[in-house]
There are 2 protein chains.
Amino acid sequence: MASSQKSIALVGSGNWGSAIAGHIGEKIRDLKGQYNERLLMWCKEETLDDGRKLTEVINKEHENVKYLPKQKIPENVIAEPDLIKAVKDADILVFVIPHQFVKETCEKLKDKIKKDAFALTLVKGFYVDEKTNELQLVSEIITKTLNIPCLSMMGANIANEVAEKVFCEATIGSRDDKHSETVRELIDTPVFRLRFYPDVEIIEMLGALKNVIAMLAGFSEGLEAGFNTRAAVLRLGFREMINFCRLYKKESTPDIYLESCGIADLIASSLGGRNYNGAKKKAETNKSLKDIEKEDLNGQSLQGPGTAKEAYQFLEGKKLLDQFPLFRDAHLICEDKIKPKVFLDNLSKHPEFDRKQ
Amino acid sequence: MASSQKSIALVGSGNWGSAIAGHIGEKIRDLKGQYNERLLMWCKEETLDDGRKLTEVINKEHENVKYLPKQKIPENVIAEPDLIKAVKDADILVFVIPHQFVKETCEKLKDKIKKDAFALTLVKGFYVDEKTNELQLVSEIITKTLNIPCLSMMGANIANEVAEKVFCEATIGSRDDKHSETVRELIDTPVFRLRFYPDVEIIEMLGALKNVIAMLAGFSEGLEAGFNTRAAVLRLGFREMINFCRLYKKESTPDIYLESCGIADLIASSLGGRNYNGAKKKAETNKSLKDIEKEDLNGQSLQGPGTAKEAYQFLEGKKLLDQFPLFRDAHLICEDKIKPKVFLDNLSKHPEFDRKQ
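Residue numbers restart at each chain and count upward from 1, following the sequence in its written direction. Lettering of chains starts at A and numbering of ligands starts at 1, both following the order in which they are written. Thresholds applied to this predicted model are a pLDDT of at least 70 for local features of residues and 80 or more for the giving and counting of side-chain atom pairs; totals over whole chains, interfaces and linings are not thresholded and use all residues. Side-chain metrics in this entry use all non-hydrogen atoms of the structure; hydrogen atoms and water are not considered.

Q: Help me get a handle on the interface of chain A and chain B, residues and values and all.
A: Every residue pair with non-hydrogen atoms within 4.5 Å of one another is taken to be in contact. Contacts between the two partners involve 48 residues from chain A and, on the opposite side, 48 residues from chain B. Note: buried area is the sum, over both parts, of the accessible area (probe 1.4 Å) each one loses when the two are combined. Carbon and sulfur atoms make up 57% of the surface buried where chain A meets chain B, a total of about 4,200 Å² over both sides. Salt bridge, as applied in this entry: a Lys or Arg side-chain nitrogen positioned within 4 Å of an Asp or Glu carboxyl oxygen. Note that Asp255(A) and Arg239(B) form a salt bridge whose closest N and O atoms lie 3.0 Å from each other. As used in this structure description, the phrase polar contact means that two N or O atoms lie within 3.5 Å; if the pair is within protein, one of them must be able to donate a hydrogen and the other to accept it, and residues adjacent in sequence are counted only when both atoms belong to side chains. Applying the counting rule to chain A against chain B returns 25 residue pairs in polar contact (both at pLDDT 80 or more). By definition, any uninterrupted DSSP run of H or I lasting at least four residues is a helix, any uninterrupted run of E lasting at least two residues is a strand, and each is numbered from the N terminus. At the level of secondary structure, the elements contributing two or more residues to the side of chain A that touches chain B comprise α6 (159-163), β9 (168-173), β10 (192-197), α9 (227-248) and α10 (260-272) of chain A. Residue contributions to the side of chain A that touches chain B peak at 12 residues, all from α9(A). When grouped by side-chain class, the residues that make up the side of chain A that touches chain B number 27 nonpolar, 9 polar and 12 charged. Gly counts as polar in this scheme, as do all residues outside two lists: the nonpolar Ala, Val, Leu, Ile, Met, Phe, Trp, Tyr, Cys and Pro, and the charged Asp, Glu, Lys and Arg.

Written as structure tokens, this is what we have:
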């Protein structure tokens, strides 16, 4: 194995993690030698109901039977239960864990990775500091803690469909041409097309925020609100997403919102994503989202409620909740403080309708 | 009846025409006297299967039993089979007929309307001259033939849902503040919110073009293409819609595309509009769109195939078909020259993926 071969590690092995591991695993196998074929995928060890260890099952059956069942993962993807072992030789670290675990995972990785590595985050979510109200993105935490650059990738990429090789596209945030080329080699295929923009943070933020609006799409559907209303919810929600991004950071590229990371991811997530489905069920059954997670998600969690909470806190700190009624109401519904129907009643009073052009 | 009262006429009485007639009819009744309460709706006479005249049924039962069944229309909306009688005293003419009838209808109205009237078009479609390849919008034909200004209104407004008073919004194209105010009075309500922009032509064009992309959404769904692919089709199609508009006319307002006339109308039409449903059935059954129209539309027609044809011709004349593969393929599918599946296979080669940012 030539020492010039670069190695890739995945930090995470859930539904999306396993799908993208399979995709990258096939790509580097087909590239024959440009990259180290062994793709290590950190997998937090779990004992399955039948007593077997999850990593052992993945490495023997080449299938993540818990989080991406019925989809084969190529044999060169190796599940590794030891986080440090998984990443220590990696030149490229792909982060794909629930966002609430990013800080502690980065802390564990400090000084344990290659100095000239770079990261790519697929994580949906951000942190808002309870005291300072400061918003921190996952890419920023990775860069700050590990002292490596971090790219982002978001798009209309429902994991099971990616595993089934259904056509999709995604947006890469990168300000480094060499890193962009590497990511293109690792991920771009005829069924997974990439576009590149320097707006790392906007791309990442859109990927997080869309889960909140997708929940509203689910509530609308659960309440049988009709197509006109669902379209209005998505449009007004998309406006709030853009305004939220602009609060945080001015975009480099005005039409970044029309990329896969923006409108397309919002549409896909609002047609059939996990947050959409959970919210739909809540509106139909009046159950709490926590109960729905337990019933339907087999140990995975909804990212929408957490992001709604962080967004609420950020906007409340800036005294801007009135300008973001959809984000406000999404959080209040998740917390069972208002009924889903209330947000529909509030649509008519959306500040968008008082805004001059 | 004070002579200062303004009168409104509807030119058209199909599915959307009847729904908006009901909406405006209620609004002017509630305004008590500011407008002439009698709203005349031109209705091309038809004999129903039971031998009755359509206008007589509408005026007796206050329901358009053929094109908007099961929805009551207020009694102050009067169906009038004589076109000239319907419009001769009108100060505001709302056009809502299939676009293929606009030219001949305007010719009939020449010199028959009030000189200081203005028009509002809700018509989806445009003309491309077969010889000169010149594109003409409905608003332009109305203004040129009748010598009156013409505003446009487009948005996520599936007719039956508007009749059911489900919340929706729409975008008005207007460059005259007084006309804008009148339209706001006539149409804006808590369940039908309006936003105003000067981009009359872009708004109108988006309303026409979205029917083509909605057909592609229907083909995708009929072929069980998955949410990621459907989202990519809508995004890439939306890009082509924007590029098409820019070919024709530079927008006044860059984010006009994020209004109800743009992304929201595209979403609603791609979730459940007539063109979407027809296209879905075509992909599922291999029937021709003409047959599907006959089976499902009770005398109404699909606007998507006509617009796809006009768009194809316009782009072909400009030698730009390669830059608009979705518009190109939509027309070829409608003409049964390629199978619906071909457009999905072409997605991967979309020129968007070669475009720098």
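What follows continues from the structure just given.
Q: I'd love a proper account of the UniProt feature "domain: Glycerol-3-phosphate dehydrogenase NAD-dependent N-terminal" (unreviewed entry) in chain A, names of residues and values included.
A: UniProt positions are given in the numbering used here, feature names are shortened, and annotations may be inferred rather than shown by experiment. Within the UniProt annotation, "domain: Glycerol-3-phosphate dehydrogenase NAD-dependent N-terminal" (unreviewed entry) is assigned to residues 8-178 of chain A. For residues 8-178 of chain A, helix accounts for 31% and strand for 22%, while the C-alpha atoms at its two ends are 16 Å apart.

Q: Could you give an account of the pairing of strand β4 (residues 92-95) of chain A, with specific residues and numbers?
A: All names here are of chain A. Side chains of β4 alternate between two faces, with Ile 92 and Val 94 and Leu 93 and Phe 95 buried alike. Think of it this way: DSSP has to see at least two bridges between two strands before they count as a pair. Pairing of strand β1 (residues 8-11) with β4 involves 4 bridges; the strand directions are parallel. By the bridge assignment for β4, Val 11 is matched with Phe 95. Of the strand pairs in this sheet, β4 and strand β5 (residues 118-121) are connected by 4 bridges, and their pairing is parallel. Looking at the pairing, Phe 95 lines up with Thr 121 of β5. Whether a crossover is right-handed depends on one test, that the path from the first strand over the helix to the second runs clockwise when the strands point away from the viewer. Following the backbone out of β4, through helix α4 (residues 102-109) and into the adjacent parallel β5, one traces a crossover that is right-handed. Each residue's exposure class comes from its accessible area (1.4 Å probe, protein chains only) as a fraction of the maximum for that residue type: buried when under 20%, exposed when over 50%, partly exposed otherwise.

Q: I'd like a description of the sheet that holds strand β8 (residues 150-154) of chain A, backed by residues and values.
A: All names here are of chain A. In spatial order, the strands read β3-β2-β1-β4-β5-β8-β9-β10; together these 8 strands make up an open sheet with mixed pairing. What marks the edges here is a single partner per strand, and that holds for β3 (77-80) and β10. With direction set aside, neighbouring strand axes in the sheet form an average angle of 25°. Lines fitted to the C-alpha atoms define the axes, with helices restricted to the stretch that makes contact. Angles between their N-to-C directions range from 0 to 180 degrees. Together, β4, β5 and β8 form the strand contacts of helix α5 (residues 138-146), whose direction differs from that of β5 by roughly 160°.

Q: Lay out the domain arrangement of chain A with the relevant residues and their values.
A: Residues and elements named next belong to chain A. Taken domain by domain, chain A holds domain 1 (8-198) and domain 2 (202-353). Here the C-alpha centroids of domain 1 and domain 2 sit 25 Å apart. On the side of domain 2, 35 residues touch domain 1, which itself brings 35 residues to the contact. Remark: the boundary between domain 1 and domain 2 carries 1 salt bridge. Salt-bridge contacts for Arg 195 lead to Glu 259; the nearest nitrogen and oxygen are separated by 3.0 Å. Put simply, domain 1 and domain 2 have 14 residue pairs in polar contact (both at pLDDT 80 or more) between them. Going through the elements one at a time, β6 (126-128), β7 (135-137), α5, β8, β9 and β10 are the ones with two or more residues in the side of domain 1 that touches domain 2. Here the element with the most residues in the side of domain 1 that touches domain 2 is β9; it accounts for 5 residues. Residue composition of the side of domain 1 that touches domain 2, by class: 16 nonpolar, 12 polar and 7 charged. Where each domain starts and ends comes from a domain assignment, either automatic or drawn from a database.

Q: Go over the packing of helix α11 (residues 274-285) of chain B against helix α12 (residues 289-296) of chain B, please, and point to the residues and values.
A: How two helices sit against one another is set out by the angle between their axes and by the gap between those axes. Residues and elements named next belong to chain B. Between α11 and α12, the shortest axis-to-axis distance is 10 Å and the interhelical angle comes to 120°. Taken together, the axes of α11 and α12 are oblique relative to one another. Judged by the sense of rotation from one axis to the other, the crossing of α11 with α12 is right-handed. The segment α11 lies against α12, with Gly 278, Ala 279, Lys 281 and Lys 282 engaging Leu 289, Ile 292, Glu 295 and Asp 296. Per-class residue counts for the contact of α11 with α12 are 3 nonpolar, 1 polar and 4 charged. Geometric relationships in this document are graded by angle, where less than 35 degrees denotes roughly parallel, more than 145 denotes roughly antiparallel, 65 to 115 denotes roughly perpendicular, and other angles denote oblique. With the far helix as reference, a near helix turned anticlockwise by less than a right angle produces a left-handed crossing, and one turned clockwise produces a right-handed crossing.

Q: Residues and numbers for the UniProt feature "domain: Glycerol-3-phosphate dehydrogenase NAD-dependent C-terminal" (unreviewed entry) in chain A, please.
A: Mapped onto this numbering, the UniProt entry annotates "domain: Glycerol-3-phosphate dehydrogenase NAD-dependent C-terminal" (unreviewed entry) at residues 199-344 of chain A. Between the first and last C-alpha atoms of residues 199-344 of chain A the distance is 33 Å; the span itself is 73% helix and 0% strand.

Q: Which residues make up the relation of the copies chain A and chain B, and what are the values?
A: A residue counts toward the fit only if its pLDDT is at least 70 in both copies, and the copies are then superposed by least squares on the C-alpha atoms of those residues. Overlaying chain A with chain B gives an RMSD of 0.0 Å, the required rotation being 180° about an axis along which the chain moves by 0.0 Å. In symmetry terms, the pair is related by a two-fold rotation axis. By residue overlap, the copies meet face to face through one surface: 100% of the interface positions of chain A are interface positions in chain B.

Q: Describe empty space enclosed by the protein, listing the residues and the values that go with them.
A: Grid points spaced at 1 Å and placed over the protein atoms alone form the basis of the search, with a cavity being a set where a 1.4 Å probe fits but cannot get out and a pocket an open set showing protein on both sides within 12 Å along at least five of seven lines. Lining residues have an atom within 4 Å of a point. Grid points are joined across faces, edges and corners, and a volume is the space filled by probe spheres set on the points. A full pass over the atoms with the stated rule returns 2 cavities of 30 Å³ or more. Within this model, the largest cavity holds a volume of roughly 70 Å³. The wall of the largest cavity is formed by Ala217(A), Arg230(A), Leu234(A), Ile267(A), Ser270(A), Leu271(A), Arg230(B), Leu234(B), Ile267(B), Ser270(B) and Leu271(B). Its residues assigned to classes, the lining of the largest cavity comprises 7 nonpolar, 2 polar and 2 charged. Every residue along the wall of the second largest cavity is listed here: Pro325(A), Leu326(A), Asp329(A), Phe343(A), Asn346(A), Leu347(A) and His350(A). Secondary-structure elements contributing two or more residues to the lining of the second largest cavity are α14 (325-334) and α15 (340-346) of chain A.

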